[in-house]
Structures are given as structure tokens and as C-alpha cells.
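Residue-level listing of the chains:
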Amino acid sequence: MTMAINKKLLSLLLLVSSLSSIASASFSDPDSDSDLTNELASLRSNSESGVIHLDDHGISKFLISSPTPRPYSILLFFDATQLHSKTELRLQELRREFGLVSATFLANNNGSDLNKLFFCEIEFSRSQSSFQRFGVNALPHIRLVTGSTAKLSDESGQMDQSDFARLAESMAEFVEQRTKLTVGPIQRPPFLSKAQISVIVAMIVIATPFVIKRILRGETLLHDHRLWLSGAIFIYFFSVAGTMHNIIRKMPMFLQDRNDPNKLVFFYQGSGMQLGAEGFAVGFLYTVVGLLLAFVTNVLVRVRNLNVQRLVMLVALVVSSWAVKQVVYLDNWKTGYGIHPYWPSSWQ
Amino acid sequence: MAAKKASPDLVNSSFSFKSLKLKTKQQELLLRVSILGLVYVLAFIARLFSVLRYESMIHEFDPYFNYRTTLFLTEKGFYEFWNWFDSESWYPLGRIIGGTLYPGLMVTAALIYWTLRFLRFFVHIREVCVLTAPFFASNTTLVAYFFGKEIWDTGAGLVAAALIAICPGYISRSVAGSYDNEAVAIFALLLTFYLFVKAVKTGSLSWALGSAFGYFYMVSAWGGYVFIINLVPLYVLVLLITGRYSMRLYVAYNCMYILGMLLAMQIRFVGFQHVQSGEHMAAMGVFLLMQVFYFLDWVKHQLNDTKLFQTFLRITVTSAILVGGIALGVGTASGYISPWTGRFYSLLDPTYAKDHIPIIASVSEHQPTAWSSFMFDYHILLFLFPAGLYFCFKRLSDATIFIVMYGLTSLYFAGVMVRLILVATPAVCLISAIAVSATVKNLTSLLRTKQKVPQTGSTKGVGSSKSSSKVTLDQSQPFHKNGAIALLVGVFYLLSRYAIHCTWVTSEAYSSPSIVLAARGAHGNRIIFDDYREAYYWLRQNTPTDAKVMSWWDYGYQITAMGNRTVIVDNNTWNNTHIATVGRAMSSYEDEAYDIMRSLDVNYVLVVFGGVTGYSSDDINKFLWMVRIGGGVYPVIKEPDYLVNGEFRVDKGASPKMLNCLMYKLCYYRFGELVTEYGKPTGYDRARGVEIGNKDIKLEHLEEAYTTSNWIVRIYRVKPPTNRL
């Protein structure tokens, strides 16, 4: 009996206390700051990687109705499920990176700093009025609402495009710069988990003898010339197209013209830099000419039909001379050099 | 008399007409030798543009160190050189020169110098140094000829020699005056590869021995030897996988690896790294794998039962791989095998350097390559390369596999770093030469059979079996002659464009010593800026001999070699902290910088400034790297402090920290009084095209000591501390 009563009492007490906390929060008396912080902290501990999911109610509670020198800042990620299908916005990727920054922040901080910054997200379909209140009408959008920010439509806390260009690392830099808190080096989960790695290693070890057996018999794909040849041509194409440059510098395929946003810029003037599409186009021209040469001298001569031979030859000649002209022209344009022969001075 | 003399000649010639076969062979030999001789000379004189346009001098930065050490070597002898502790650089640390350089280049130049002296040619060591690179480039053409002959035929060899003689990718590092390690290293690299391919082809110990010595020369000359010690095992591995294992390969690789390793360990800078560092482990692994293959072959020979052999095979291979893996793991974990160095790692994962090692990422020749650089350095070779690949695959042999692998790996690395275009150049030339030679040969043989000259068939020699079979196919087709002529004209047109391109590029782009700058004036005349040497000679003549000069590390070698003064840091970037200290001083406020300079006993500070002349690679443009490198060690330096909205500015909108840091003050001191361009306000920076933001600069602890005539180099004296009150 006593046990049951005790239980009931306990739950009643809990109910009262939680009710009172909600009441105190909504009335926003000065002592409620720490309560709000505590509540955010408890919400955080229940959400995945520490990103709190807020709705209109939460926004009004933690940001609007609370008095302005708030003891905490909120980094808010604006999400919209209906736009996830638009890959060029990269919403899901950015959201993942956002989660990483949050998790790293949690892992690297403890004590008082931990409750100075909270990572939150709101979703468009469920909190449209908040989007309006923030004045957000384009995504992706990440906004830092510092403790002193009074008006939500104040856009000074907005994270620039450049700040999430390098994903989590640059987001963390933005946060560190604005809040003077430390996030620390981003801890990405390993590409393969330990279990996966061990399974893969085991499979490789098991498969090795069989592979070697086949190798000794000489009947693998590796003995196919064509495969090696196409691989070789691919590596060649990959290198001369400057793909490594694009990867290292993270160059976009093309740029938008600054003066005319509808126009796209595919070719960048100035040596030592290139855009993605530009490299591939030129690499393609290189490869075509080389392969045509090989084709004409090695395959075409075996064709019996004279007219076909003539036609293909003509096409090959025209195409390669056009390609060479294009590349030379582009190179001169890009580097700004005017390459010319030197004639004997008496000829001039 | 004359008639009498002429007659035996007549007889001779009519006699030789009869024995035509011998005569054509001799003719061919004569042609070949004279072409090679011409190419040899061409390779040398094409590299003399820099001497003609400027003067006989050492170029760039690193060559000044090499020159200084060579001078030391010829004056003091090898023993002193080997044990040299240099107290004039990296003050106050100093540097052990003998143990931290590749001595191949210096020893080579000294040997040439001593030989010339012995033959009573009294030349200055500087001339020898200036001309070492062209001389070795000429030798490289010879190696390219033999290599081409080995992998295809003599025609390809000749074309390869001609192509490599003027290829801009190679010329960029081997003009007269660029006295750098690469000058001899490319020769050594190609020689090693050639000898190794020859060894694999013949299975002869002497060729393998030769390649081991070639490798030794390469190790002594350049750090790029790591490429050889990884490419060769990779090649052997591919041969093993594709079932091309043979006794020849076994002999060639084992001899080359073991001897080469023992020899390489004699170079102090390499030493035990060769058996301990991760970069060399692939070679050792393949060496062990070779033994397993040999052992299996032997067991197979002993066991007649195939089933028994299969099970045996499975057990051995699995256990061998397991043991190898465990050994590698234990070695790495216990620290016996050192992990890969940053430079090597950044080749495999190219984004690594950018994020982790600013000192590597900051160097302009370590930038990734855009397509225009490939075009600039290879021109039509790029078009010919895929065709050459195709031909190689058509006629697959051990040698062509090697050249294909060399070409592809080096081309990939060239895409990662601009400077590695140099390593890829010989391979690209060779493969393109195969394309040219095979195409031209096919086409001309088509033309010749139409003329129905029966003798021509015999001149073809070896490689004609394929083309002659084609000829018989096409004999009844009159079009082909026209087509062949059109194609030939096309090929020769391309080749002539190549020659024009190379000549222009060599003369205009790659012959600049970069210590003397040239620009075109308003009337098309050449203006020479000789400010660097002006400044260094000023240092040499006007400062105390024990003065310490602080500058960014780029100029360290030049200051010690030409100014003969002690520097804090130089281009041998062995101590990152020391460089970061200088970077920190440059990016701090003057009073903070003064404390750092006092602690390093700095007497003079030297900065390079292009605001007056529009010279863009000056210290202000390099400044962000100083901040990054300084900030990498001293977190008080933060890059965002010097940026405004992520932008680097020097005008009024620049960040306050930027406007008051030491580098800014030293560069722009008194610049605000100067009108640089007509119609622009005072203090207009021509390199960045803006009016500077801080025109009223006062120096407290430093005073201007010397500014060169075009303001490119500015030297400041560090004042002694004021009296204590």
C-alpha cells in the first residue's frame, strides 16, 4: 500500500514541478533564464547529436518572450523537407554537417561554456510563421541569434555562403569567430566502421588464394588489353583535364556572370586557374585528336570499302584540325600569350 | 693530280653502288649519327636564351645555395664539404650542410670543373654551374634516343630525342643558369629507367648493375628518387599480376634493388631511411614477393602433382601476405618503420597538404595543375599521347608496359603538382615519339610502295612486318596515297607548330632568371630591374660581416650567397617553428616584433615590395602565408584579423591589424609621399591597383637603411634598445 501511495505522490510531485516550470517560463520573470537554459539543455540531451528541433512555440518561448540579454546563443538551421529533393541546395548534406558541428561542440566543451550555445533547427512546413518572423525566404540559411539580438529579423547573424562552403570546418570557424567559444577540430565518423573493416579484410584474405589461382592461370579481366587501354586513356584524360586541380581547389563546374546572372561563365581567363567544365572540354578535345590519329593509322586501313575510308578520313582530318585550332586558340586566350615564330631579321 | 685523285673515288662510288645493301646501312648510320649530333647541339643552344637575354648568372632561389656549396666544395675539398656546419644560415641554430643535402649536383659540377682545369681550360666555377643544366639536358637526349630504340625502334628513338631536346616542360628547369638538382636528376632518372628496362629485357647482370649505379646517382642528386623506388616495384608487380614473371625480371629487380639500396644508404641524407621509412616499403614488399614467386616456381618444378601444388600455393600465398601485413603493422606501431612524410602523403591524397601543411601548400610550384599549364609545357605532345598509348598497347612487351606505366603515373602526379610536369616530360616525349614515328613510318611506307622501288623494303629493317602487311592490303587503292600525303602534311604541320611554340616559350617565358626582372616599357623597349642584386651587394659592402638579416624564407639563399650575411631562415624549410617565428614577427605590431627580433639578434630586416613597379610576387602578396604559417605555431596570430569579410585588402578598408603590422609598415614606409602613376593619388600601389590605407607610417624601433632604385627591395636597420631610465 505505502509503496503505491509513494509512487502516486512522486508522479504528482513531478507533474507539479514540471507545470510550474512551464508556467514560470511563459511568464518570463527574471529568474527564469537559468530555467530556460536548463530546459534547452534537457531538450538537447534528448535529441540526436544535440540539435534541438524547435517549432513556432519553441521559438516564441526561447527567443521572443525571453528578455534580451539572454544567457545563451542559438544557432538556427532553417530546413524544409519539401526542398530536400532539390539537390543543388544541398540541404540534407548541410544539415548533416550542422549536426557534426553540434556533436563536436558537445564533445569538446563541458561546464559553463556548454550552455552558452545551442544548436537548433526549424522546419518550414511546421513553423511557417517563424520563417516569416526571421525574414527567411531563401534556403540554405543558417542564423546565429546571439544573446543580445533583440529583433529576429536582424540579419547580421546570418552565415554567408562562404561560411559553409567548406562544410563543418567553416561553420565551426564562423561559430568560434562570432561567439568566442571553441568548437574544436571536427570529429567526423570514420568512413567505415571497425566491424565493416574487419569483414572486408577477412573477405580479402579469403579471396586472395582464389584470385591468385586465376592470375596464375591467366584468365582474369586483368589480362584483357582493352580494359588496360581504356583505363590508361582514362587516367590520361583525368590528368590533362586538370581534374586534380578541380578536386583540390574544389572548383565549381561553371560560374555565374557577375554582371548578368542569367549568363554562365564556362571559361576562366588567367593561367593557373580553371573551372571544371572547361578542363573536361579541353581534355576531351585532346583525347579525341589522339584517338582519331590512332584509329586512322591502325584501324581505318583495314576497312575494305573505299568510300567509307575516304569519308572517315576526311571527317577525322577536319575534326582533328578543328580541335587543335580550338585548343591553341583557347590557350592563347587564357594565358594571354601571343606565340609567334621568329623570322630572320632581314626578312622584316 | 686532281684527275688521278678523283678516279679512285669514282671507282669506289661505283663499287659501293653495287654493294647497295651495305651502303644504305652506312647511310642510315650516318644520318642517324648526324641527326643525333644536331639534336645534341640543339638541346644545348636552345637553353642559352637566358644567357643571351640577360647574362651568365645563376637563377632563382635554390640554385644560389647549390652555387654556394659548390664554391665551398671546390675551394675546401670534399672532406670539408661533407662535414660542413653552416653557421651563416638558420641563426642561431645553424645547419649541418653535409647531412642535409643531395650532393650529386655539386659533386658533378666540381668534377667537370676539375676536369676542365686538368685540361688547362681555366674557367670560373660559376660558368661551369651555369652550363651544367644544358650539358645534362643534351645528355638526356642521348638517353632518350636509346630508350626509344629499346621500347620501339630507332626512328622512335630519334623522334624522342628531338622532342625532349626542346620540350618546354623540361626546358623550364634546365635553362642555362638554373643550377638546380633537377638539372642532373632528370638525366639520372631516365638513365636508371633505361638501364632497368634493358636489364629486364636481357636478364643480364651487367645491365642491372648499371641501373643500380644509375639509381645511386639519382639518389645522390634529388629527392625525387622516391618516384623510382616506387615505380619500379609497381612495374614489377604489374608484370607479376599479368603473368609476365620471368627469370630475367628476377635477376634485374633483385640486383637493382639490393645493390641500389646499399649504395643509396651511403648518402647521408637518405641513410637508414631507405630501409625504415614507409615510402620505401613497397620496394621491399615486392622484393619479398619475388622470392615467394621464385620459391613457388621451384616447388612446382619439384612437385609433379598439380592438385598438391594448388593447395600448397594457397597456403603459402595466404601466409606470406599475412606475415607481411603483420610485419608492416608491427613495424609501424613500434615506430621502426616511419610513416610517410607530408610531401609524399600529399601526392596520394592531394587535399592533405592544403589543410595540414601550409609550408608545402604555400610554394607556387606545389599548386595543382590547370589544363593550360599542360598545354603550355607539352603542346602537341598531349594530342599525340593517346595515340602513342594505343600503339604501345598494340605491341605490348615488357618495355612498352614500363613506359606506359611511367607515363600514366607521372602524368597523374603532374596533375597534382605543377613542378612534377618535369618528371612526366620524358615519358610524354617517348610515348608521343612512338605515335609520331609509327604514324610516319606507316604512311611513308604506303607512299613508297606506290613508287614501286623494290629496294626500299630492305631499309625498313625490323619494325616493318606490320606495316608491310598493311601495304599489301591497300595496294590496289589509289586514294590512299592522297590520304597518306594529307595526313603526313598534317603531322609535319603539327610538328612545326611544336617547334615554333617551344622556341617562343623558351625565349619569352622560361629564360627569365627571376633575380633580374624584365618588363616592357611604354614604347615596347625592355626595362631591366636589377634591384635584388643591388640590395644584396649593398648588404655585402655596407653592413658588418656578422650582421644578421631577417627576411621571409624565399630570399634566404640569395642573401647568404650574394650578400654573404647570416640569415634567420632560408629556403631549406627544415624548421617550421623558426619560420613561424619570422612569420609571427612580420605579422605583429612593431613593438611586439621588436622583442622577437631582439631575441633573434636581428640587425637588418629585408622586405620585397612591388608597389612601385607592379611586381606582383612581393611580400605583401605572400603575406597571408606568413600569417598562416605563423598562426600554425603561434595561435595568437589569427588569419581573420588580417581579412575584411574574408578579403585581403591593403587600402582604406583593410583591417586595423593589417594596417599596423610590421610587414605593412616596412613595405609602405614613406610610400604615401610617392606618385607612382600619372593621374592617380599619392601612395597608389601598382601591384594591387589600390591607394594604400595607411599613408602616415612612423617607425619606432627600426629605421630605413637602404631602398633600391625601383623600391623592390627595402632594407631596415633594427635600432639598439634605448637607454634605460
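Everything numeric here is computed off the predicted structure, so don't read it as measured data.

Turning our attention to a nonpolar patch on the surface. Residue and element names in this part refer to chain A. Where nonpolar side chains cluster on the molecular surface, the patch consists of M253, F254, L264 and F266 and spans about 350 Å² of accessible area. Within the element layout of this structure, L264 appears in strand 6 (residues 264–265). Residue L264 is classed as partly exposed on the basis of its relative accessible area of 37%.

The partner chain A presents 67 residues to the 65 residues of chain B that form the contact. Summing both partners gives a buried area of about 6,200 Å² for chain B against chain A, and 75% of it is carried by carbon and sulfur. The interface formed by chain B and chain A includes 0 salt bridges. Taken together, chain B and chain A are joined by 7 residue pairs in polar contact (both at pLDDT 80 or more). A class-by-class count of the residues in the side of chain B that touches chain A yields 40 nonpolar, 18 polar and 7 charged.

All names here are of chain B. In space, the 5 strands of this open sheet follow the order 6-5-7-11-10, with mixed pairing throughout. Edge positions in the sheet fall to strand 6 (566–567) and strand 10 (702–707), since each has one partner strand and no second. Inspection of the sheet shows strand 5 (residues 548–550) paired to strand 7 (residues 604–608) by 2 bridges, in the parallel sense. Its bridge partner being in strand 7, V549 is matched across the sheet by Y604. In the packing of helix 27 (residues 531–542) onto the sheet, contacts are made with strand 5, strand 7, strand 10 and strand 11 (713–718), and the angle to strand 11 comes to roughly 25°.

Turning our attention to the packing of aromatic side chains. A full pass over the atoms with the stated rule returns 60 aromatic pairs over all chains. Aromatic side chains F234 of chain A and F238 of chain A sit 5.9 Å apart centroid to centroid with 40° between the ring planes, which places their arrangement in the tilted category. Within this pair, F234 of chain A and its partner F238 of chain A are both found in helix 8 (residues 225–240), separated by 4 residues, close to a single helical turn. Residue classification places F234 of chain A among the exposed residues on the basis of a relative accessible area of 51%. The aromatic ring of W82 of chain B is capped on one face by R268 of chain B, whose charged end is 5.4 Å from the ring centroid. A cation sits over an aromatic face here: K548 of chain B above Y91 of chain B, 4.9 Å from the ring centre.

On to the UniProt feature "transmembrane region" (unreviewed entry) in chain A, then. Residue and element names in this part refer to chain A. Following the UniProt record, one finds the feature "transmembrane region" (unreviewed entry) at residues 197–216, 228–248, 280–301 and 308–324. Between the end C-alpha atoms of residues 280–301 the distance is 30 Å, and the span holds 86% helix and 0% strand. Across residues 308–324, the secondary structure splits into 100% helix and 0% strand, with the terminal C-alpha atoms separated by 24 Å.

Turning our eyes to something else, we now look at the side chain of T316 of chain B. Residue and element names in this part refer to chain B. The topology assignment puts T316 in helix 16 (residues 306–333). Looking at T316, its side chain comes within polar contact range of the main-chain oxygen of F312, at 2.3 Å. With residues near it in sequence (within four places) discarded, T316 still touches F295 and L296.

All names here are of chain A. Burial within strand 3 (residues 117–123) is extensive, with 7 of its 7 residues counted as buried. The alternating pattern of strand 3 places L117, F119, E121 and E123 on one face and F118, C120 and I122 on the opposite face, and all of these are buried. Examined bridge by bridge, strand 1 (residues 51–54) and strand 3 share 4 bridges and lie parallel to one another. Residue pairing in the sheet places V51 in a bridge with F119 of strand 3. Bridging between strand 2 (residues 73–79) and strand 3 involves 7 bridges; their strand directions are parallel. Bridge pairing links L76 to C120 in strand 3.

Cut-off values and rules
- Residues numbered from 1 in each chain as written.
- Chains lettered and ligands numbered in written order.
- Predicted model: local features only at pLDDT ≥ 70, side-chain atom pairs only at ≥ 80, totals over all residues.
- Heavy atoms only, no water.
- Patch = residues over 30% accessible without salt bridge, like charges linked within 9 Å, V, L, I, M, F, W, Y side chains within 5 Å.
- Areas by Shrake-Rupley, 256 points an atom, 1.4 Å probe, with all protein chains shown as cover.
- Salt bridge = Lys/Arg side-chain N within 4 Å of Asp/Glu carboxyl O.
- Helix = DSSP H or I, 4+ residues; strand = E, 2+ residues; numbered from the N terminus.
- Buried < 20%, exposed > 50% of the residue type's maximum accessible area, 1.4 Å probe, protein only.
- Contact = heavy atoms within 4.5 Å.
- Buried area = accessible area lost by both parts, 1.4 Å probe.
- Polar contact = N/O pair within 3.5 Å; in protein donor to acceptor, adjacent residues only side chain to side chain.
- Nonpolar A, V, L, I, M, F, W, Y, C, P; charged D, E, K, R; others polar.
- Pairing = 2+ DSSP bridges.
- Axes fitted to C-alpha atoms, helices over the stretch in contact; angles between N-to-C directions.
- Phe/Tyr/Trp six-rings, centres within 6.5 Å; stacked < 30°, edge-to-face > 60°.
- Lys NZ or Arg CZ within 6 Å of the ring centre and 35° of its normal.
- UniProt positions renumbered as here; feature names shortened; annotations may be inferred.

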